[in-house]
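Okay, here's what each chain looks like letter by letter:
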Amino acid sequence: MADRPSAGHPKWLRRFHQPEPGAPRLLCLPHAGGSASFYFPVSKALSPAVDVCAVQYPGRQDRAGEPFARSMRELAQGVYDALDERDRTPTALFGHSMGALVAFELARLLEDAGRPPAVLFLSGRGGPSAGRTESLYVDDDARLIEEVVRLDGTDAAVFQDEELRRLILPPLRADYRVVDTYRPTPGPRLGCPLVVLTGDADPRVTPDEARAWARETDGPFECHVHPGGHFYLVARQQDVLAGIEAALRRFAPGAGAAL
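Quantities reported herein were computed from a predicted structural model and do not represent experimental measurements.

Parameters and conventions
- Residues numbered from 1 in each chain as written.
- Predicted model: local features only at pLDDT ≥ 70, side-chain atom pairs only at ≥ 80, totals over all residues.
- Heavy atoms only, no water.
- Helix = DSSP H or I, 4+ residues; strand = E, 2+ residues; numbered from the N terminus.
- Buried < 20%, exposed > 50% of the residue type's maximum accessible area, 1.4 Å probe, protein only.
- Contact = heavy atoms within 4.5 Å.
- Salt bridge = Lys/Arg side-chain N within 4 Å of Asp/Glu carboxyl O.
- Core = buried A, V, L, I, M, F, W, Y, C linked by side-chain atoms within 4.5 Å.
- Disulfide = S-S within 2.5 Å.
- Phe/Tyr/Trp six-rings, centres within 6.5 Å; stacked < 30°, edge-to-face > 60°.
- Lys NZ or Arg CZ within 6 Å of the ring centre and 35° of its normal.
- 1 Å grid on protein atoms, 1.4 Å probe; cavity = no way out; pocket = protein on both sides within 12 Å on 5 of 7 lines; lining within 4 Å.
- Points joined across faces, edges and corners; volume = space filled by probe spheres on them.
- Nonpolar A, V, L, I, M, F, W, Y, C, P; charged D, E, K, R; others polar.
- Pairing = 2+ DSSP bridges.
- Axes fitted to C-alpha atoms, helices over the stretch in contact; angles between N-to-C directions.
- Parallel < 35°, antiparallel > 145°, perpendicular 65-115°, else oblique.
- Left-handed = near helix turned anticlockwise from the far one by under 90°.

K.L.:
I'm lost on the side chain of R25 in this one. Help?
P.N.:
Positionally, R25 belongs in strand β2 (residues 25-29). Given a relative accessible area of 15%, R25 falls into the buried group. In this structure, R25 is in contact with R15, D51, C53, D87, T89, P90, T91 and A92, ignoring residues within four places of it in sequence.

K.L.:
Would you explain the side chain of Q56 in this entry?
P.N.:
As for its placement among the helices and strands, Q56 is situated in the loop between β3 (51-55) and α2 (72-82). The class for Q56 is buried, based on a relative accessible area of 0%.

K.L.:
Got a minute to help me understand the pattern of salt bridges in this structure?
P.N.:
Working definition: two side chains of opposite charge can pair if their charged atoms are close together. Under the definition given, this model contains 18 salt bridges. Here D62 and R14 are joined by a salt bridge, their closest N and O atoms 2.6 Å apart. One end of the pair, D62, is in the loop between β3 and α2; the other, R14, is in strand β1 (residues 13-15), with 48 residues separating them in the sequence. Judged by its relative accessible area of 2%, R14 falls in the buried class.

K.L.:
How do you make sense of the nonpolar core when you look at a structure like this?
P.N.:
Within soluble globular proteins, side chains that are nonpolar generally end up buried alongside one another. Counting 73 residues, the largest nonpolar core has L26, L27, F94, M98, L120, F121 and I244 as the members making the most contacts within it. A per-element tally of this core places helix α3 (residues 98-112) first, with 10 residues. L27 has contacts with L13, C53, V55, V79, L83, T91, A92, L93, F94 and L106, leaving out every residue within four places of it along the chain.

K.L.:
Explain the state of the cysteines to me, please; I cannot follow it from the model alone.
P.N.:
By definition, a disulfide links the sulfur atoms of two cysteines through a covalent bond. Inspection of the entire model under this criterion finds 0 disulfides. C28 supplies the cysteine sulfur nearest to C53, a cysteine that is in no disulfide, at a spacing of 8.4 Å.

K.L.:
Whenever I open this one, the packing of aromatic side chains confuses me. Can you help?
P.N.:
Aromatic ring pairs are defined here through the distance separating the ring centres and the angle between the ring planes. For the coordinates displayed, the defined rule picks out 6 aromatic pairs. Taking 6.1 Å as the distance between ring centres and 80° as the angle between the ring planes, the aromatic pair formed by Y39 and F94 counts as edge-to-face. Highlighted residues: Y39 in the loop between β2 and α1 (40-46) and F94 in strand β4 (residues 91-96), separated in sequence by 55 residues. Taken individually, Y39 and F94 each receive the classification buried, so the pair is uniform in this respect. Ring pairing ties together the aromatic residues F38, Y39, F94, F121 and F231, which thus form one cluster. In this arrangement the basic side chain of R63 is found over the ring face of W12, its NZ or CZ atom lying 4.4 Å from the centre.

K.L.:
Looking at this structure, how should I read unusual backbone geometry?
P.N.:
A negative phi angle is the norm for most residues apart from glycine, just as the trans form is the norm for most peptide bonds. Following S47, the chain continues to P48 via a peptide bond in cis, the omega torsion being 5°. Here P48 is to be found in the loop between α1 and β3. Positioned with a positive phi, Q61 is a non-glycine residue whose angle comes to about 45°. A positive phi angle, close to 60°, is found at S97, a residue other than glycine. On the secondary structure map, S97 appears in the loop between β4 and α3.

K.L.:
Explain empty space enclosed by the protein to me, please; I cannot follow it from the model alone.
P.N.:
This structure, assessed with the given rule, holds 1 cavity of 30 Å³ or more. Lining the largest cavity we find Y57, P58, R60, F68, A69, L75, D175 and V178. Taken together, the residues of the lining of the largest cavity sort by class into 6 nonpolar, no polar and 2 charged.

K.L.:
Help me understand the sheet that holds β3 in this model?
P.N.:
Where strands meet in a sheet, backbone hydrogen bonds hold them as pairs that are either parallel or antiparallel. One open sheet holds the 7 strands; their spatial order is β1-β3-β2-β4-β5-β6-β7, and the pairing between them is mixed. This sheet does not close on itself; its edge strands, each paired only once, are β1 and β7 (221-226). Strand after strand, the sheet turns through a mean of 20° between neighbouring axes, direction not considered. As defined by bridge partners, β4 adjoins strand β5 (residues 120-123) across 4 bridges and the pair is classed as parallel. By the bridge assignment, G95 is partnered in β5 with L122.

K.L.:
Just to check I follow, could you spell out the packing of α2 against α3 for this structure?
P.N.:
Packed helices, taken two at a time, are described by the angle their axes make and the gap between the axes. The geometry of α2 relative to α3 is characterised by a closest axis approach of 8 Å and an angle of 60° between their N-to-C directions. When the interaxial angle is binned, α2 and α3 end up oblique. Judged by the twist between their axes, the crossing of α2 over α3 is right-handed. Listed contacts from α3 to M72, R73, L75, A76, Q77, V79 and Y80 of α2 are M98, L101, V102, E105, L106, L109 and L110. In the contact of α2 with α3, the residues fall into 11 nonpolar, 1 polar and 2 charged.

Structure, rendered in structure tokens:
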């Protein structure tokens, strides 16, 4: 199924399945180099009881002609501006890897505007206070490809195709630049529920680094460690979605049984 623009801003938001009336919304933010279509399986599994919308960052797929974002704040602001401020549907945020940082900054914007997310799901990324910094975006193509393959984000065979490399590497490098140069600005702690998910063998984040997100909220906090690496959520999809559904039932009014 082709991506269909959702209600809101057609550049930024994608909805793959029609939700039932009154369904809570789950806004999903992709990892570095990723696109909205990564969340198609999530939409297929949770719809129509959950209104799954996925973010499409600029500079890839149908937005390939647009310049890449140059900061985390720019990405978060772009998503924020795409949301209808009049829409009071309970909305949870789910971000994986880079998407977790975008979701965190978006949650701060929403809380500042008096529209806090129902739940903030943060996956595959340590909390800002964990202090891990990298500069992969300045490395050569070979090193960048090595890192992506190490994380199981893209099959190594894909990079053997010159045309595919030319499509994949520019947004990937641009996204790593956003991640590697991100430094959160001081601000009040969030008040929304925060649910952290991670893989126990993720080379980019330890369980303790994932638990560091607890320092960013005064609301309820949970941390769930699943078997697997950086993309544990693909192999453990059923368990991850069951956890999302359970949290939505607890924190988002109107969430029904989706699985």
